[in-house]
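Chain and residue survey
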Amino acid sequence: MLARIPGRLLQIIPTLILIGVVVFVLLRLLPGDPASALLGNRATPESLARINAQMGFDKPIWVQFLLFLGRLAHGDLGVSVTERIPVTRVILQRLPVTLCLVGFAAVIALVLALPLAFVAALRQNRLPDLALRGLFQIGLSSPVFYIGLLLLGFLGARLHWFPVGGLGQGFWGAVYHLILPAFTLALSLAAVLMRNLRSAIIGVLRADYVDFARAKGITPWRVLTGHVLRNSLITTVALFGLNIGVLLGNSVITENVFAVPGIGGLLVDAIFGRDYPVVQGVTLVLAVLVSLVFLATDLMESWLDPRLHA
Amino acid sequence: MSSTVPTLSVAPATEPRRVWKRPPSAFILGAIITAGFLLAAIAPGLLAPYDPLAFDYDNLQVGPGAAHWFGTDNFGRDVLSRIIWASRIDIQIALFCTIPPLLIGTAVGSLVGYYGGIADTIFGRIVDLVITFPFIVLVIAIVAVLGPGLVNVYIAVTSVGWVFYARLVRSQVMVLRQADFAAAGQVMGYSAARIIFRHLLPNAMTAVIVYWMTDMALDILLGSSLGYLGLGAQPPTAEWGVLVSDGKNFMDTAWWMTVFPGAAIVVCGTGLSLLGDGVADLLAVRR
Amino acid sequence: MRAPLLLLRGLQTTLATDNGALTVVDGVDLDVREGEILGLVGESGSGKSMTLRSILRLIRPPGRVSGEILWRGRDLVPLREPEMRAIRGREIGMIFQEPMTALNPVLSVGRQILENLRAHTDLGRTARRNRTVELLDLVGIPAAAQRVNDYPHQFSGGMRQRAMIAIALASNPSLLLADEPTTALDVTIQDQILKLLLRLRETLGMAVILVTHDLGVVAQSCDRVAVMYAGRVAEIGEVSAVFAAPRHAYTLGLLQSVPDARRIRQALRPIGGAPPPPGTVGDRCAFIPRCDFATAACEVRRPPLISIGGGRLAACVHGDRLQQAEWAA
């Protein structure tokens, strides 16, 4: 099991290189020459020349790409145009906040989705199921920014139960400040998880092995936890991996709504500040995060499902 | 436990299946909602009680009431009328974000699925790559480079979104290609184009249409999110996300400026996905 | 004559489906004696498997079981779930047709046995462990000690069926309900599994209800046979007697529809038509539309299962006429 990790890590290297290609190409889509696009209205002949030399924009495109990859391998994502410090440093400052937010949201989503999916599946087509299905149908159609604003407006600004933005002091302050954003983020994921888990559980409940387990005379609780839950967890993990991209994408919007100082907020700020190296860097980091989570859920799936053991 | 069908097949296999099920009420609800928004998009002038752009300084931020069902905004404009006029933009987003990807994706997917080989391998790598990027992040990054605005949103969504349609069509075509009627077509010496267009695609389109319905709902969410962030439709264009963004600073004093436009997104999205689910059921039954 | 272990009287099972309630078991009368193997045969949809599931009350609500299920004289139908659980697995075990789907793919075979032992015995940890290996050994799984931690997908089809039998037998039940245990297997493996069941019956002294649609299997391994048609028992008796001289038109039809290995060339005569869908029979013999012997007398009511001597019962108005029919010729 553990022995497979290095091999799988090697497998994602081509993906990482391709991510690099996309991010590299992205910046070349800028109209005009990249140096003046990078500098915008701050461009002077001297600064243009400096950027051209520094980024190697005067060299052939493939040389530029190799240089880019080389810098990437050293963790060099260029320098932020607005803040004049290395992009890597800007991102590393903000990344932990985003990771906490997303992790927190994932936990909330699982805690919400798993029991509710069970309730819906066990009471299939009866009132609890219909009510929950209605709710997650609405959840699936609700944009994150809207859920966030409603929670912020009513629970934060009106009732003063929660802070309306920022990160607060210390660890618990951060947790307190992240509750609403994490909950917002969790709702959209929970809706997706619940919808799919419900049908997965219904499928498992119909399986012969559930009848066989009942025929052994074990308690319904043990049938549920030992057989149904175990098999549904595999689906949950797979679903989680499939939806991590959506979750990270939504975190960009959530951070914006709640003014959470993570890399999502950074991305939007960078767009309006025309800080392209930061845009590039954040896009890259988010894509790398997705592929790492893919890898993690993949490994976990094969750990949970003996049929996938090597 | 649950009221599931028994594992043993008690009903004989020959039992006649009803060909056309009565459409479930969820589907009807979805169709009505969708039709309502379509009407609003086609003829907003007929439905909107007020001019969406007319300032009315005597009625600033008036709460919901008989005169203004959804209240007025900080310029005295009628929120309901603005939502109705905004339907035009959001329905446009739903169509322009999905139809180009659908066409491109279907073409690429059927070619790749039919011929396989190197093109298919390359396509596989593209799929791997695209699913690695959070969709919205990739779209945001492209819009960032091209500049904010709806046209650039369409370009960004199309340049990524076609992959999902292509992946769907490819898998359908690959399955169908093995089917008897495709083999028969080959034996009869039909051209590849004829087999693809006359035989494979019509059968693959069911799945595409079902996906298209849900995709439209997703793109309304995406488009309004970009509008909210200031990357999509640009003010003063009335678009639901932009309206929500306009209202967010007045949550304390004029909640209706935020709540109603946002609700329009939720209702429209729900309508489209209910319709999509219903269509999925109906098409599956008819098959 | 041995005392009846299980007695079914007017067993009726109704399932809820998308098209309304369906009565799939429609008044089954049956008895199983201590230590015997009773074959339960019939076409697909005749209610064989549902009868087995009903005995253990594995029917999911809103499906319903009514009538009497007398287990050692005690009616199981009114029992509450906890009381029923003490019967399931402990006194009556059950094995399913398809071991690949009936074994949980993500749990090791050993764990699936332990589950049973934990529910029904007070064996300690090591004792349970030993018993698990012993059980796998008993059903003929080679190198049992090494295989307890293997998962179902690591076993071959026949081995999987053996593992399932081991799980069902873990707590020494007195009756094993076997739902087409050989149908999904190769012919040679089928034979091994049947021999295993026969051997286990001898060594453990348990009774078996063997559901099958294969008359050859019945002839090879059963003491008595019950023929089911449209949710009811048509005929029941000693295998040799029933096969030699069927007393229900449907039994005769079944026997004529399979090749008889003892005869070199023969005309096979499949029964025309199909069994009636559940709930469409009405108050007359269910076999009329497909029967060569049907007369007005068959229309009067649904013929009851009555004793015809020699420990046999049949539900056919024309049982006597069959004797002169071509089967004997």
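Remember, predicted model here, so these are calculated numbers, not experimental data. (Residues numbered from 1 in each chain as written. Chains lettered and ligands numbered in written order. Predicted model: local features only at pLDDT ≥ 70, side-chain atom pairs only at ≥ 80, totals over all residues. Heavy atoms only, no water.)

All names here are of chain B. Contact geometry for helix α3 (residues 79–96) and helix α7 (residues 150–177): axes closest at 10 Å, N-to-C directions at 30°. Taken as axis vectors, α3 and α7 run roughly parallel relative to one another. With respect to the hand of their crossing, α3 and α7 are arranged in right-handed fashion. In this structure, α3 contributes Ile-89, Gln-92, Ile-93 and Phe-96 to the contact, and α7 contributes Leu-150, Tyr-154 and Thr-158. For the contact of α3 with α7, the class distribution of residues is 5 nonpolar, 2 polar and no charged. (Axes fitted to C-alpha atoms, helices over the stretch in contact; angles between N-to-C directions. Helix = DSSP H or I, 4+ residues; strand = E, 2+ residues; numbered from the N terminus. Parallel < 35°, antiparallel > 145°, perpendicular 65-115°, else oblique. Left-handed = near helix turned anticlockwise from the far one by under 90°. Contact = heavy atoms within 4.5 Å. Nonpolar A, V, L, I, M, F, W, Y, C, P; charged D, E, K, R; others polar.)

All names here are of chain B. On domain assignment, one finds that chain B holds domain 1 (23–96 + 235–287) and domain 2 (97–206). Distance from the C-alpha centre of domain 1 to the C-alpha centre of domain 2: 32 Å. With 7 residues of domain 1 at the contact, the number on the domain 2 side is 8 residues. Broken down residue by residue, the surface that domain 1 buries against domain 2 is led by Ile-93, Leu-95 and Phe-96, which jointly contribute 58%. For the pair domain 1 and domain 2, the number of links is 0 salt bridges. (Domains from an automatic or database assignment. Buried area = accessible area lost by both parts, 1.4 Å probe. Salt bridge = Lys/Arg side-chain N within 4 Å of Asp/Glu carboxyl O.)

Here the focus is the pattern of salt bridges. This structure, assessed with the given rule, holds 26 salt bridges over all chains. Taking the shortest distance from any N to any O, the salt bridge between Arg-60 of chain C and Asp-211 of chain A comes out at 2.9 Å. Here Arg-60 of chain C is found in the loop between α1 (48–55) and β4 (64–71), whereas its partner Asp-211 of chain A is found in helix α9 (residues 208–215) on a different chain. The partner of Glu-235 of chain C in a salt bridge is Arg-312 of chain C, with the nearest N and O atoms 2.5 Å apart. With Glu-235 of chain C in strand β10 (residues 232–238) and Arg-312 of chain C in strand β12 (residues 312–314), this pair connects stretches of sequence that are 77 residues apart. Neither Glu-235 of chain C nor Arg-312 of chain C differs from the other in exposure class; each is buried. One salt-bridge network, in which partners are shared between bridges, spans Asp-31, Arg-33, Glu-36 and Arg-224 of chain C. (Buried < 20%, exposed > 50% of the residue type's maximum accessible area, 1.4 Å probe, protein only.)

Right, let's talk about the pairing of β10 of chain C for a bit. All names here are of chain C. Burial analysis of β10 places 5 of its 7 residues in the buried class, the great majority of the element. Pairing of strand β9 (residues 224–229) with β10 involves 6 bridges; the strand directions are antiparallel. Bridge pairing in β10 links Ala-226 to Ile-236. Judged from the 2 bridges that link them, β10 and β12 form a sheet pairing that is antiparallel. Within β12, the residue paired with Ile-236 across the bridge is Leu-313. (Pairing = 2+ DSSP bridges.)

A few words on the interface of chain A and chain C. On the chain C side, the residues contacting the 25 residues of chain A number 30 residues. Interface area, chain A with chain C, both sides summed: about 2,400 Å², of which 55% is carbon and sulfur. When residues of chain A are sorted by the area they lose upon contact with chain C, Phe-212, Arg-214 and Lys-216 of chain A head the list and together hold 29% of the total. Inspection of the region where chain A meets chain C yields 3 salt bridges. Put simply, Arg-53 of chain C and Asp-211 of chain A hold a salt bridge, and the shortest N to O gap is 2.6 Å. Between the two partners, chain A and chain C, sit 14 residue pairs in polar contact (both at pLDDT 80 or more). When residues of the side of chain A that touches chain C are traced back to their parent elements, those giving at least two are α8 (170–206), α9 and α10 (220–258) of chain A. (Polar contact = N/O pair within 3.5 Å; in protein donor to acceptor, adjacent residues only side chain to side chain.)

Residue and element names in this part refer to chain C. By the secondary structure assignment, Thr-13 is in strand β1 (residues 4–17). Relative accessible area serves as the criterion here: at 0%, Thr-13 is assigned to the buried category. Within the structure, Thr-13 has its side chain in polar contact with the side chain of Ser-54 (distance 2.6 Å). Contacts of Thr-13, omitting those with residues within four sequence positions, involve Leu-22, Thr-23, Val-24, Val-25, Ser-54, Ile-59, Arg-64 and Val-65.

Residue and element names in this part refer to chain B. Chain-level statistics for chain B give a pLDDT mean of 82 and a share of 88% at 70 or above. The weakest mean pLDDT in chain B belongs to helix α8 (residues 180–187) at 69; the strongest belongs to α3 at 92. With pLDDT under 50 throughout, residues 1–20 is counted as low confidence; its partners more than four residues away or in other chains account for 42 contacts. (pLDDT = per-residue confidence, 0-100.)

Residues and elements named next belong to chain C. With respect to topology, 4 strands assemble into an open sheet ordered β2-β1-β4-β5, the strand pairing being antiparallel. Two strands lie at the open edges of the sheet, namely β2 (20–33) and β5 (74–75), each paired on one side alone. Bridging between β1 and β2 involves 11 bridges; their strand directions are antiparallel. By the bridge assignment, Leu-6 is partnered in β2 with Val-32. α1 rests against β1, β2 and β4 of the sheet, and its axis sits at about 110° to β1.

Here the focus is the interface of chain B and chain A. Interface size is commonly expressed as the accessible surface area that is lost when the partners come together. Between chain B and chain A, the residue contacts involve 44 residues of the former and 54 residues of the latter. Where chain B abuts chain A, roughly 4,200 Å² becomes buried across the two surfaces, and 75% of that area is made up of carbon and sulfur atoms. Linking chain B with chain A are 1 salt bridge. The interface formed by chain B and chain A holds 5 residue pairs in polar contact (both at pLDDT 80 or more) in total. Every element with two or more residues in the side of chain B that touches chain A is listed here: α5 (117–132), α6 (135–146), α9 (192–229), α10 (240–247) and α11 (256–286) of chain B. Per element, the largest residue contribution to the side of chain B that touches chain A is 11 residues, and it comes from α11 of chain B. When its residues are assigned to classes, the side of chain B that touches chain A shows 26 nonpolar, 14 polar and 4 charged.

Now for the packing of aromatic side chains. Applying the stated criterion across every chain yields a total of 18 aromatic pairs over all chains. Between Tyr-114 of chain B and Tyr-115 of chain B, the aromatic rings sit 5.1 Å apart at their centres with planes inclined by 90°, giving edge-to-face as the arrangement. Here the aromatic rings of Tyr-229 of chain C and Tyr-250 of chain C are separated by 4.4 Å at their centres, their planes lie at 50°, and the arrangement is tilted. Linking Tyr-229 of chain C in strand β9 with Tyr-250 of chain C in helix α11 (residues 249–256), this pair joins segments that are 21 residues apart in sequence. Pair check on accessibility: Tyr-229 of chain C and Tyr-250 of chain C agree, each one buried. Three or more aromatic residues joined by ring pairs form one cluster here, namely Phe-70, Trp-255, Trp-256 and Phe-260 of chain B. Arg-147 of chain C extends its terminal NZ or CZ atom over the ring of Phe-155 of chain C, reaching a point 4.3 Å from the ring centre. (Phe/Tyr/Trp six-rings, centres within 6.5 Å; stacked < 30°, edge-to-face > 60°. Lys NZ or Arg CZ within 6 Å of the ring centre and 35° of its normal.)

The next subject is the environment of Asp-120 of chain B. All names here are of chain B. Within the fold, Asp-120 resides in helix α5. Put simply, Asp-120 and Leu-201 are 81 residues apart on the chain and 18 Å apart in space, counted from C-alpha to C-alpha. When sequence neighbours within four positions are dropped, the list of residues in contact with Asp-120 reads Val-112 and Arg-170.

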